[in-house]
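# A structural walkthrough
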Amino acid sequence: MLAGLTDAQVLHEALAAPRDAHVDYPDIRVISRPGWSQRITPSFAKGGFNSVDLAVLDPADADAVIDATIAEYDALGIRFRWTVGPDSRPLDLGERLERRGLRRHDIAVMAADLSDIPIHPTPDVTVEPLTLDNLTTYCDTVAAGWDADPAPLHAYERARLRSGDTRHPAYLARIAGTPAAAANAALLPQSAYLMGAVVLPPFRGRGVYRALIAARLRDVAAAGLRLVTTQAMRTTSAPILARLGFITVAETASYAR
């Protein structure tokens, strides 16, 4: 058991609960029904807030639904991703997406009890919370890391900060004062979900990612939460998280358009 929860509860927090971890935004459209979870946000055309997070489809209908979904994003000129996990159907959903040109990335769904994760300072790395003062720098860093447009992110985060939202903190990391990385999190009722971490290429391998983990975990502890979850790229961040004490509770694949 992690954080006093059963395996089924941990899996729910790591896989299902993050699907609802979004902030309202003027043009975001959230489509949620049994067996389907999707976000469409036209202002984020280059990526972000555009995803199919759950699809449970009848095999006979799957191709038509896939084609219609892709066509809707394409008509809006939006980059998106489609997550295929253990609760997705049909079982060959990923293969059907690949046949349509979507690129697969393997993802480890991971979880940890906060009390089991060491939090150590990382020399030369400073991590600061996102504020109105560093908003532009944060957005430029995220945009550079993800090859995205900083303008909609700037508008989104400015609106979130001005709303007083404290459940979706974001962070900017620097080395010797130079912006190096960024990340965010969602503080859910039963757990904390770590997401969105990106380290700029010149600063990789210098402990910046671990510093962002430590900063977020300190805020998780302050919020009174014990269970921490994330969905990590199998070949990049997942090995680092495993060394810190995170365990893999499920595997998914993310298909990018």
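Quick caveat: nothing in here was measured; it's all calculated off a predicted structure.

### So, the nonpolar core
If you look at soluble globular proteins, the nonpolar side chains tend to sit buried side by side. Counting 35 residues, the largest nonpolar core has V208 and F246 as the members making the most contacts within it. Contributing elements (two or more residues each) for this core: β5 (103-113), β7 (170-175), β8 (178-187), β9 (192-199), α6 (208-222), β10 (227-233) and α7 (237-244). When residues in this core are grouped by element, the largest group, 8 residues, is from α6. Excluding residues within four positions of it along the chain, F246 makes contact with M110, A111, A112, I117, L194, V228, T230 and L241.

### Examining the pairing of strand β3 (residues 51-55)
With 5 of 5 residues buried, β3 lies mostly within the body of the structure. The sheet contact formed by strand β2 (residues 36-40) and β3 spans 4 bridges and is antiparallel. Opposite R39, over in β3, you have S51 as the bridge partner. Judged from the 2 bridges that link them, β3 and strand β4 (residues 81-84) form a sheet pairing that is parallel. Along β4, the bridge assignment pairs S51 with R81.

### Observations concerning the packing of helix α4 (residues 135-146) against helix α5 (residues 150-163)
One way to put it is that α4 packs onto α5 with a least axis distance of 9 Å and a crossing angle of 135°. Between α4 and α5, the interaxial angle falls into the category oblique. The crossing of α4 and α5 is right-handed. In this structure, α4 uses L135, T136, Y138, C139, D140, V142 and A143 to contact α5, whose residues at the interface are P150, L153, H154, E157, R158 and L161. Tallied by class, the residues present in the contact of α4 with α5 amount to 8 nonpolar, 2 polar and 3 charged.

Calculation rules
- Residues numbered from 1 in each chain as written.
- Predicted model: local features only at pLDDT ≥ 70, side-chain atom pairs only at ≥ 80, totals over all residues.
- Heavy atoms only, no water.
- Core = buried A, V, L, I, M, F, W, Y, C linked by side-chain atoms within 4.5 Å.
- Buried < 20%, exposed > 50% of the residue type's maximum accessible area, 1.4 Å probe, protein only.
- Helix = DSSP H or I, 4+ residues; strand = E, 2+ residues; numbered from the N terminus.
- Contact = heavy atoms within 4.5 Å.
- Pairing = 2+ DSSP bridges.
- Axes fitted to C-alpha atoms, helices over the stretch in contact; angles between N-to-C directions.
- Parallel < 35°, antiparallel > 145°, perpendicular 65-115°, else oblique.
- Left-handed = near helix turned anticlockwise from the far one by under 90°.
- Nonpolar A, V, L, I, M, F, W, Y, C, P; charged D, E, K, R; others polar.

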